[in-house]
Amino acid sequence: MLPKRLLRPPLERRLSPPTEQHITSARRLHICSERLIIVALSLWLAGCNNQQPAAHGLPAPEVTVSKPEQKEVVNWNEFTGRTAAVKLVTVTPRVSGYIVDIPFKEGDLVHKGDLLFQIDPRPYQDAYDQAVGQLQQAQANQQLQDATFARQQQLRQTGVIAKEDYDTALSNKNQAAAQVISAQAARNSAQLNLEFTHVTSPIDGRVSRQLVNIGNLVQADSTQLTTIVSIDPIYAYFSVDELAALSYQRLIREGKVASSQDGKVPVYLQLQDETGFPHEGTIDFSDNSFDSTTGTLLIRGSFPNSDGFLTPGNFVRIRVASGPKYNALLVADRAIGSDQDQSFVYVVDSKNIARLRHIKTGQLAEGLRVVKSGMQPDDVVIINGIIKVRPDSPVRPQQGAMEQFSSNDISMPLISSQSSASHAGAER
């Protein structure tokens, strides 16, 4: 029989009533639960009270609207290039000698025949005078031999002199004539050398700096004195990629554009600090083969430059029409928004509701953007104030003109539909 200490207590002892300590703990737990519920309800009510009521009856934003412009436009291809002088001359002396005078001013416009450098002419003047004296001697001897031959010829006809004397007189006459020709050539050469001491400009153009100073010895055909570049007209060389060149060739074959060989293809030039392409010229040359290293074809345009504003070596942008003219719809860039890779505009319907319209855009034409698709000529487009517009929301349209907001006067960047939606959410 088990000991009494191992016997389990009776059921009455195990089901004894709770003590005061147990009751206090349960009450505390109940009170804490009630407090948590009250705090949660308070926070929820506070959040509801802080939530701003939806705005109702906000005035519709005022916007400027206009129908798209309809114009005949041309698509353009743009290239980079460099200007070059039509004529470039490196001035070198034709005779040797010492420089005694440099009358030109560096950077001046000079004309053909203007004196640039003066080489000491005295040695060449003496050589010329000597050649003139030798010529006069040869001419005097020629006169003597001609007279002698005339007498010998008369005597020969009468049979007074021998044939040998006649032949001698004829030979002396011919030698005297040859000496005159030789003396004339020597005189002409001396005269040219004397003239070459005056180094003059061979072309009209702008002269560079002087490369030698007064007192220096210059060598004929080797010493560089200065350079001269022509001013009017001026060339611009640029390279056209193969795809663009092939497109032009097909248009020429179809008769839609003129050939560059005819010299009637217009080309436009822009300097780095200019807007637009104010300089107009014509294409007068295209190379006969593509550059195998770059895959481009060298093209040359000729531009009038009477004021000398274009300088050889300028970095320029060239614009050439990529096809014939066509009719197109145009809108201002300010009216166009972007949504990732898509462009859109807002079109106002008959109930003054702004509708978002996706479009495809092209190039700029006279400050306006070409719309290839997605727009009709009678659409009323919002051109100013699109940042305040929400899709499918009312607006207050005010009539405007599309030219007022051309790209030449853009003061606001293009916006996206996401930023427009964010702005609309801020208004709400």
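Small disclaimer: the values here were computed from a predicted structure and weren't measured.

Conventions we followed
- Per chain, the residues get numbers from 1 upward, laid out in the order the sequence is written.
- Confidence filtering applies because this is a predicted model: local features only for residues at pLDDT of at least 70, side-chain atom pairs given and counted only at 80 or more, and all residues used for totals across whole chains, interfaces and linings.
- For the side-chain quantities, the full set of heavy atoms in the structure was used; hydrogens and water were omitted.
- Per the convention used, a helix needs a DSSP run of H or I reaching at least four residues, while a strand needs a run of E reaching at least two, with both numbered from the N terminus.
- One less than the residue count of a helix, multiplied by 1.5 Å, gives the span that helix is expected to have.
- Relative accessible area decides the class of each residue, using a 1.4 Å probe on protein chains only: under 20% of the type maximum gives buried, over 50% gives exposed, and in between gives partly exposed.
- Pairs of residues are marked as contacts when any of their non-hydrogen atoms sit within 4.5 Å.
- Any two strands between which DSSP finds at least two bridges are classified as paired.
- Each axis is a line fitted through C-alpha atoms, and for a helix only the stretch in contact is used; angles between axes span 0 to 180 degrees, taken between their N-to-C directions.
- Orientation categories follow fixed angle ranges, with anything under 35 degrees roughly parallel, anything over 145 roughly antiparallel, 65 to 115 roughly perpendicular, and all other angles oblique.
- In a left-handed crossing the near helix is turned counterclockwise from the far helix by less than a right angle, and in a right-handed crossing that turn is clockwise.
- Side-chain classes follow a simple rule in which Ala, Val, Leu, Ile, Met, Phe, Trp, Tyr, Cys and Pro form the nonpolar group, Asp, Glu, Lys and Arg form the charged group, and the remainder, Gly included, forms the polar group.
- Detection works on a 1 Å grid of protein atoms alone, calling trapped sets that fit a 1.4 Å probe cavities and calling open sets with protein on both sides within 12 Å along at least five of seven lines pockets, with lining residues defined by an atom within 4 Å of a point.
- Grid points are joined across faces, edges and corners, and a volume is the space filled by probe spheres set on the points.
- When a carboxyl oxygen of Asp or Glu is within 4 Å of a side-chain nitrogen of Lys or Arg, the pair counts as a salt bridge.

> I keep staring at helix 4 (residues 163-196) and nothing clicks. Help me out?
Structurally, the α-helix is built with 3.6 residues per turn, so residues lying three or four positions apart point the same way. In a regular helix each residue adds 1.5 Å, so 34 residues correspond to 50 Å; helix 4 covers 50 Å between its end C-alpha atoms and thus fits that length. What helix 4 keeps buried is the set Tyr166, Ala169, Ala176, Val180, Ala183, Ala190 and Leu194. In this structure, the buried residues of helix 4 make contact with helix 3 (122-158) and strand 8 (198-200).

> What am I meant to see in unusual backbone geometry here?
Most peptide bonds take the trans form, and the phi angle of most residues other than glycine is negative. The omega angle of the peptide bond from Asp232 to Pro233 is -5 degrees, so this bond is cis rather than trans. Here Pro233 lies in the loop between strand 11 (226-229) and strand 12 (234-241). Phi is positive for Asn352, which is not a glycine, with a value near 60 degrees. Tracing the sequence through the fold places Asn352 in the loop between strand 19 (342-348) and strand 20 (353-365). A positive phi angle is found at Asp392, which is not glycine, with a value near 60 degrees. With respect to the helices and strands, the residue Asp392 is situated in the loop between strand 22 (381-384) and strand 23 (393-394).

> Could you clarify how one ought to interpret the sheet that holds strand 8 in this entry?
The strands making up a sheet are joined through hydrogen bonds of the backbone, oriented either antiparallel or parallel. Strands sit in the order 8-7-5-10 across an open sheet of four strands; the sheet is antiparallel. For this open sheet the edge positions go to strand 8 and strand 10 (217-218), each flanked by a neighbour on one side alone. Here two bridges tie strand 5 (residues 97-101) to strand 10, and the two strands are oriented antiparallel to one another. Directly across from Tyr98, in strand 10, lies its bridge partner Leu217.

> So what exactly am I meant to see when it comes to helix 3 here?
Under the 1.5 Å per step criterion, the end-to-end length of helix 3 is 55 Å for 37 residues, consistent within 8% with the ideal 54 Å. As for helix 3, its buried residues are in contact with helix 4. Looking at the residues trailing helix 3, positive phi occurs at Gly159, about 80 degrees.

> When you look at the packing of helix 3 against helix 4 in this model, what are you seeing that I'm missing?
For any two helices packed against each other, the geometry comes down to the angle between their axes and how far apart the axes lie. For the pair helix 3 and helix 4, interaxial distance at closest approach is 7 Å and the crossing angle is 160 degrees. If you check the angle between helix 3 and helix 4, you find them roughly antiparallel. Read as a crossing pair, helix 3 and helix 4 show a hand that is left-handed. Tallied by class, the residues present in the contact of helix 3 with helix 4 amount to 18 nonpolar, 13 polar and six charged.

> What is the right way to look at the layout of surface pockets in this model?
Quantified by volume, the largest pocket comes out at close to 1200 Å³. Together, 46 residues line the largest pocket, and Trp76, Tyr248, Arg319, Val320 and Ala321 are the ones closest to its centre. The dominant element in the lining of the largest pocket, judged by the number of residues it contributes, is helix 5 (residues 242-253), at seven residues. Taken together, the residues that form the lining of the largest pocket break down as 23 nonpolar, 13 polar and 10 charged. Lining of the second largest pocket is provided by 13 residues; of these, Thr92, Arg94, Val199, Thr200 and Pro202 occupy positions nearest its centre. Listing elements by their share of the lining of the second largest pocket, those giving two or more residues are strand 4 (88-91), helix 4 and strand 8. When the residues that make up the lining of the second largest pocket are grouped by side-chain class, the tally is six nonpolar, five polar and two charged.

> Is there a simple way to think about the pattern of salt bridges in this case?
Opposite charge on two side chains makes pairing possible when the charged atoms of those side chains draw close. The tally for this structure, following the rule as stated, stands at eight salt bridges. A salt bridge links Arg122 to Asp120; the shortest N-O distance between them is 2.9 Å. Classification of Arg122 by relative accessible area gives exposed; the value is 59%. Arg355 is paired through a salt bridge with Asp392; the nearest N and O atoms lie 2.9 Å apart. Here Asp392 lies in the loop between strand 22 and strand 23 and Arg355 lies in strand 20, a separation of 37 residues in the sequence. What you see here is one network of salt bridges that share partners, running through Asp349, Arg355 and Asp392.

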